[in-house]
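# Coordinate analysis (summary)
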Amino acid sequence: MADNELMVLIYETLQKQLNQFKDSRVVTQTLCNRMGELEKTVKKLEERTKSIEDRLTAVEEHFDIVKEVNASDKRLTATINAMRGTLDTVTNPGITLVGNAHKEIKDAVRELSTVHKQVMDEFEQYELRLVRTEDYIQKLMTRMALNAAEAAEDAAEAEDENE
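Reading the values: rules and limits
Starting afresh in each chain, residues are numbered from 1 along the sequence in its written order. Where totals are concerned, whole chains, interfaces and linings use all residues; where local detail is concerned, this predicted model gives features only for residues with pLDDT of at least 70, and gives and counts side-chain atom pairs only at 80 or more. With hydrogens and water stripped out, all remaining heavy atoms of the structure feed into the side-chain values. By definition, any uninterrupted DSSP run of H or I lasting at least four residues is a helix, any uninterrupted run of E lasting at least two residues is a strand, and each is numbered from the N terminus. Atoms counted for the radius of gyration: C-alpha only. Globule rule: 2.2 Å times the number of residues to the power 0.38. Accessible area is worked out with a 1.4 Å probe on protein chains only. A residue is then buried under 20% of its type maximum, exposed over 50%, and partly exposed in between. In this description, contact between two residues means that some pair of their heavy atoms is separated by no more than 4.5 Å. Here the Shrake-Rupley method, with its probe set to 1.4 Å, supplies the accessible areas, and only the displayed protein chains count as covering residues. Positive charges are assigned to Lys and Arg, negative charges to Asp and Glu, while His and the chain termini are left out of the count. By convention, the point assigned to a charge is CZ for Arg, NZ for Lys, CD for Glu and CG for Asp. Think of a salt bridge as a Lys or Arg side-chain nitrogen and an Asp or Glu carboxyl oxygen that are within 4 Å of each other. Put simply, a patch holds well-exposed residues, over 30% relative accessible area, that have no salt bridge, with like charges counted together within 9 Å and Val, Leu, Ile, Met, Phe, Trp or Tyr side chains within 5 Å. Polar contact is defined as a pair of N or O atoms within 3.5 Å, subject to the rule that within protein one atom must be able to donate a hydrogen and the other to accept it, and that residues adjacent in sequence are counted only when both atoms are side-chain atoms. Paired rings are identified among Phe, Tyr and Trp, the last through its six-membered ring, by centres lying within 6.5 Å, and are further divided according to the angle between planes into stacked (under 30 degrees), edge-to-face (over 60) and tilted (the rest). Note on criteria: charge over ring means Lys NZ or Arg CZ within 6 Å of the ring centre, with the direction from the centre no more than 35 degrees off the ring normal.

### Section: the overall build of the chain
If you tally the helices and strands in the chain, you get two helices and zero strands. Here the chain has a C-alpha radius of gyration of 36 Å; the compact-globule value for 163 residues is 15 Å, and the former is much larger. By its C-alpha atoms, the chain is 130 × 20 × 20 Å across when sized along the principal axes. Looking at the chain as a whole, 9% of its 163 residues are labelled buried. Considering only intrachain contacts with a sequence separation of at least 6, the fraction spanning at least 24 residues in the chain is 91%. As displayed, the chain has an accessible area near 13,600 Å², and 57% of this comes from carbon and sulfur atoms. With 22 positive and 33 negative side-chain charges, the chain shows a spacing of 11 Å between the two charge centroids.

Rendered as structure tokens:
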């Protein structure tokens, strides 16, 4: 009779272990699915980061234009100072040249102002996108945390049921 009881005890133990293996398999599959979703999310973030990088590169090119305009402005200022030194020998054509240079400076400043407005608009767009991306990431993290909490509760309930 003791052999039968021992066999029943061994059988029950094996059944419990089998159920635990099944529960572990389900948890492992769930984790694999979640990892797949996380990989997809990371790929999307990489694509968005690339897009932002491309746009920032375009903005940096605008900064190069601003630097060129600034250098041009410095060269024009140096030319005006040189002309002031020789003002006694400057004739009407020289005065016309200074007037034209002044117009070019005004045009350059207008262009610079336009470029500055465009750059600022781009920065505002990037800031909005960044806020949206941060919000999206925060939502993803919250979802992941909630899903992890649910998985932990499910695992705890499964353990309680097994006990």
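### A word on the pattern of salt bridges
Counted by the stated rule, this structure contains three salt bridges. As a salt-bridge pair, Asp 54 and Lys 50 come within 3.3 Å of each other at their nearest N and O atoms. Of this pair, Asp 54 and Lys 50 are both found in helix α1 (residues 2–85), four residues apart, which corresponds to roughly one turn of the helix. Asp 135 is paired through a salt bridge with Lys 139; the nearest N and O atoms lie 3.4 Å apart. Here Asp 135 pairs with Lys 139, and both are found in helix α2 (residues 92–162), just four residues apart, close to one helical turn. With a relative accessible area of 38%, Asp 135 lands in the partly exposed category.

### A closer look at a nonpolar patch on the surface
Where nonpolar side chains cluster on the molecular surface, the patch consists of Leu 6, Met 7, Leu 9, Ile 10 and Leu 14 and spans about 500 Å² of accessible area. Mapped onto the elements of the fold, Leu 6 is located in helix α1.

### A word on the side chain of Thr 133
Within the fold, Thr 133 resides in helix α2. Looking at Thr 133, the relative accessible area reads 17%, which means it is buried. A polar contact of 2.8 Å, which involves the side chain of Thr 133, links it to the backbone oxygen of Arg 129.

### Here's the deal with the environment of Phe 123
Tracing the backbone shows Phe 123 in helix α2. Using a relative accessible area of 28% as the deciding quantity, one classes Phe 123 as partly exposed. Here the alpha-carbon distance between Phe 123 and Thr 96, two residues 27 residues apart in the chain, equals 40 Å. When residues no more than four places from it in sequence are discounted, the contact partners of Phe 123 are Val 59 and Phe 63.

### Comments concerning the packing of aromatic side chains
Evaluated as defined, the whole model comprises zero aromatic pairs. Looking at Arg 48, its charged tip hangs above the ring of Tyr 136, at a distance of 5.1 Å from the centre.

### Here's the deal with a negative patch on the surface
On the surface, Glu 150, Glu 153, Asp 154, Glu 157, Glu 159, Asp 160 and Glu 161 cluster together to form a negatively charged patch. In this structure, Glu 153 sits in helix α2.

Purely spatial values, then, with no claim about function.
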